Each structure stands twice: as C-alpha cells, then as structure tokens.
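# Fold and geometry: a report
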Amino acid sequence: MMQFERLLRVADMDGVAVPSLYPLNRCKTIHLVRHAQGLHNVDGDKNYKAYLSPEYFDAPVTQLGWLQIENLHKHVHNSGLFKRIDLVIASPLLRTLQTAVGVFGGGDYVDRMDIVPLMVANAGNSERGAISSLNSPPIIAVELCREHLGVHPCDKRRSISDYQFLFPAVDFSLIESDEDVLWKANVRETNEEVAARGLKFMNWLWTRKEKEIAIVTHRGFLNHTLNAFGNDCHPFVKKEICKHFANCELRSMVIIDRSMTGSDSSSTNYPGKIPSALDLPADIAERSHEKEDADTNSVDR
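Named according to an unreviewed UniProt entry, the chain is Phosphoglycerate mutase-like protein 1 originating from Citrus sinensis.

Laid out in structure tokens, this is it:
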C-alpha cells in the first residue's frame, strides 16, 4: 500500500492525471435541463431590455420551444434515460413546468378516472393537448432552483393555486406561499446570491433518497451555480461544466458527497460470507505462516 501511495504522489508531482474512486452510494446522477425557448427569449436575446417588459410576465414556451420539448422527449426515451430517472424537479414558473411535463411526461392524455393529467389542455395558451402522468416519474416544484429573482417580470411566478389547476399531477407541496413573495419589483438578486442559493439547492439534493434526478431550471441559475464547481478539475473539465446552456439542452453530471451529508447505504454492495466460512486473504495467510515458521525455528534453537 505504501508503495502504491508513493506512485500516486510521483504521478501527481509529474502532472499525470490519476483516476479517483468514490463509493457509489455517496454519489447522485443529475440531469440538468434548461427550459425550452420562452416567449421572452425571442426578443430578450436580441435586446436585453426586453426582459423588463410586463408583457413577458411568467413567459410561456413558444411553439418553437414545444418542438424542442418534443425532440428532447424522444431523446430521453431513445437513450433509455426516461426509465432511469427517479424524480424530476422543476422551477415553479410556466416555461419550466411546461418543459418538465413535456419532456418527462407520459405523452398524450387519455381521460381515465385513475390517472390525473400532468398538464391540462392549452395550459398557458400553449395550443397543446393534455399530457398524461401515466408511467412518468414524480415531478415536484422547488423554489430554490428558480431564475434570478426580481425586476424582470418574466421571472415572477403566478400563484401556486393557478399552477395546480394547470398542472394537476405536479407536486407543489414544498412551496410555502401561494403568492410569489420572493420576487421584488425593484431589487434583483446579485450573481453571488444566486450562486449561494444554487449551492443550498445542491446540498438539499442530498436530503432526497432518489439517486438519479432530472432538474428543469434556467440559464442564469445554472451558470452561477455551476461556476462554483470544478475548481479541483482540469481547466477543460471546468469549462465543460460551466459552459452556457442552450434552450432545452440536457447535460448529465455526477455529484459526490464528500462531507458525509448523505447517509444512504449502498443498494448494490454485498457483504459476502453468506454462508459464513474461514476466509483469510492469501497475503495475510502467507505472512502468518512465515511467522509460525519463524516461531518454530526459534523454539528449535
């Protein structure tokens, strides 16, 4: 073991990349998704001041955005990702909720007494049919992953009771206030405050039992949160982590619990010795026999 540790130190001094190991039960896989094109993006990407327009209050997804959603929906199914996701977390704004249910929902809704739709028909004037919750992972709304708070009307949410009508099968129970008490008309969060909120959100993920989670959120939130990560990586990896998200882009990452915040035991580890039996490792057995031989020779002398 000491020889191996010396080799690792030499490799590190020589600038050689050394793989690292970490227990699987101390890791979570997250699939980060930026919402599809919103109505505010069309003008806002050309002129930043357009984000100040009241007409973009809680902006919905555009028709182009719905095509982006359809394509990502196909991708998560064709790649097998859909079957692996335990939970979907969405920012409680119209565009992120539409993206979350469109990408991870169960397809077209067929009226059944035992199935509640994820989205009602024409939600947010979408001109889209209702979306089924059949076979879809649970979707919950979480305030911590909202976009930059304040000033921009597009980032102000409507009441939770309105959303509950539009998205009946989405879980809004983690949101304390029906009205938006976080958004202020004349005060906008600083980049540092968004990053701090993002780190709080990442720490909160460790309180969840789910191991593979999709998160549907916003470009600003993703940029400022991810910039806090990757400082211990190669610069190219840091750049890969922090590059800006396109509309409806999905990027998969692994987060590691180095602080022992998570307490879940492994679901795949196996203890062995079932049934129990003698099981002395060969190298230890060899040393034991050498010691016995040495003791015998000492007695003989």
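Having seen it, we continue.
Here the focus is the overall build of the chain. The helix and strand tally for the chain stands at 10 helices and seven strands. Expressed as a percentage of the 301 residues in the chain, the buried residues total 43%. Long-range contacts, defined as pairs at least 24 residues apart, comprise 76% of the intrachain contacts of the chain with a sequence gap of at least 6. Total accessible area computed for the chain in this model is approximately 17500 Å², and 56% of it derives from carbon and sulfur atoms.

Taken together, five strands build an open sheet; the order of strands is S5-S2-S6-S1-S7 and the sheet is mixed. The sheet is open, and its two edges are formed by strand S5 (139-141) and strand S7 (250-256), each paired on a single side. Adjacent strand axes in the sheet meet at a mean angle of 25°, parallel and antiparallel pairs treated alike. Pairing analysis gives six bridges linking strand S1 (residues 27-34) to strand S6 (residues 212-217), with the strands arranged parallel.

Turning to the pairing of strand S2 (residues 87-90), a few remarks are in order. One face of the sheet, then the other: side chains in a regular strand alternate in exactly this way. Across the two faces of S2 the burial is the same, with Leu87 and Ile89 and Val88 and Ala90 all buried. As defined by bridge partners, S2 adjoins S6 across four bridges and the pair is classed as parallel. Looking at the pairing, Ile89 lines up with Ile215 of S6. With three bridges joining them, S2 and S5 adopt parallel strand pairing. Residue pairing for S5: Ile89 is matched across the bridge by Ile140.

A word on the pattern of salt bridges. Under the defined criterion, the tally for this structure stands at 13 salt bridges. With its nearest N and O atoms 2.4 Å apart, the salt bridge here joins Arg128 to Glu70. Placement of Arg128 in the loop between strand S3 (117-119) and strand S4 (131-132) and of Glu70 in helix H3 (residues 63-78) is noted, with a sequence separation of 58 residues between them. The class for Glu70 is partly exposed, based on a relative accessible area of 33%. A salt bridge links Arg146 to Asp180; the shortest N-O distance between them is 2.7 Å. You can see Arg146 sitting in the loop between S5 and helix H6 (160-166) and its partner Asp180 sitting in the loop between H6 and helix H7 (191-205), a full 34 residues away along the chain. Relative accessible area serves as the criterion here: at 0%, Arg146 is assigned to the buried category. Bridged by salt links that share partners, the residues Glu143, Arg146, Arg157 and Asp180 form one connected network.

Examined against the element boundaries, Glu212 turns out to sit in strand S6. Residue class for Glu212 comes out buried when judged on its relative accessible area of 13%. A polar contact of 3.1 Å, which involves the side chain of Glu212, links it to the side chain of Arg84.

This next bit is on helix H9 (residues 235-242). Of all the residues in H9, the buried ones are Lys238, Ile241 and Cys242. Burial along H9 is one-sided: seen end-on, the buried residues are contained in an arc of 85°. Residues of H9 that are exposed and point over 90 degrees away from its buried face: Phe236, Lys239 and Glu240. Buried residues along H9 sit against helix H8 (219-226) and S7.

Further remarks concern a nonpolar patch on the surface. Residues Tyr22, Val254 and Ile256 make up a contiguous nonpolar surface patch of roughly 240 Å² in combined accessible area. By secondary structure assignment, the location of Val254 is in strand S7.

Another point: the nonpolar core. Ranked by size, the top nonpolar core spans 35 residues in total, and within it Val88, Val101, Phe104, Phe167, Val170 and Phe172 carry the most contacts. Of all the secondary-structure elements, those providing two or more residues to this core are H3, helix H4 (81-84), S2, helix H5 (94-104), S3, S5, H6 and S6. Those residues in contact with Val101 that sit more than four places away from it in its chain are Leu118, Met119, Ile131, Ile139, Phe167 and Val170. If you look at the next biggest cluster of nonpolar residues, it comprises 22 residues, including Ile30, Ile213, Ile215 and Ile241.

Our next topic: the packing of H3 against H5. Across the interface, H3 lies against H5 with an axial gap of 8 Å and an inter-helix angle of 40°. Taken together, the axes of H3 and H5 are oblique relative to one another. The hand of the H3/H5 crossing is right-handed. Every residue of H5 that contacts H3 at Trp66, Ile69, Leu72, His73 and Val76 is listed here: Gln98, Thr99, Gly102, Val103 and Phe104. Considered class by class, the residues forming the contact of H3 with H5 number six nonpolar, four polar and no charged.

Let us now look at the environment of Trp204. On the secondary structure map, Trp204 appears in helix H7. Residue classification places Trp204 among the partly exposed residues on the basis of a relative accessible area of 21%. Here the alpha-carbon distance between Trp204 and Leu144, two residues 60 residues apart in the chain, equals 9.3 Å. Excluding residues that lie within four positions of it along the chain, Trp204 makes contacts with Ile89, Ile140, Val142, Leu144 and Leu174.

So, how was this worked out
Residues numbered from 1 in each chain as written. Predicted model: local features only at pLDDT ≥ 70, side-chain atom pairs only at ≥ 80, totals over all residues. Heavy atoms only, no water. Helix = DSSP H or I, 4+ residues; strand = E, 2+ residues; numbered from the N terminus. Buried < 20%, exposed > 50% of the residue type's maximum accessible area, 1.4 Å probe, protein only. Contact = heavy atoms within 4.5 Å. Areas by Shrake-Rupley, 256 points an atom, 1.4 Å probe, with all protein chains shown as cover. Pairing = 2+ DSSP bridges. Axes fitted to C-alpha atoms, helices over the stretch in contact; angles between N-to-C directions. Salt bridge = Lys/Arg side-chain N within 4 Å of Asp/Glu carboxyl O. Polar contact = N/O pair within 3.5 Å; in protein donor to acceptor, adjacent residues only side chain to side chain. Arc of directions from axis to C-beta. Patch = residues over 30% accessible without salt bridge, like charges linked within 9 Å, V, L, I, M, F, W, Y side chains within 5 Å. Core = buried A, V, L, I, M, F, W, Y, C linked by side-chain atoms within 4.5 Å. Parallel < 35°, antiparallel > 145°, perpendicular 65-115°, else oblique. Left-handed = near helix turned anticlockwise from the far one by under 90°. Nonpolar A, V, L, I, M, F, W, Y, C, P; charged D, E, K, R; others polar.

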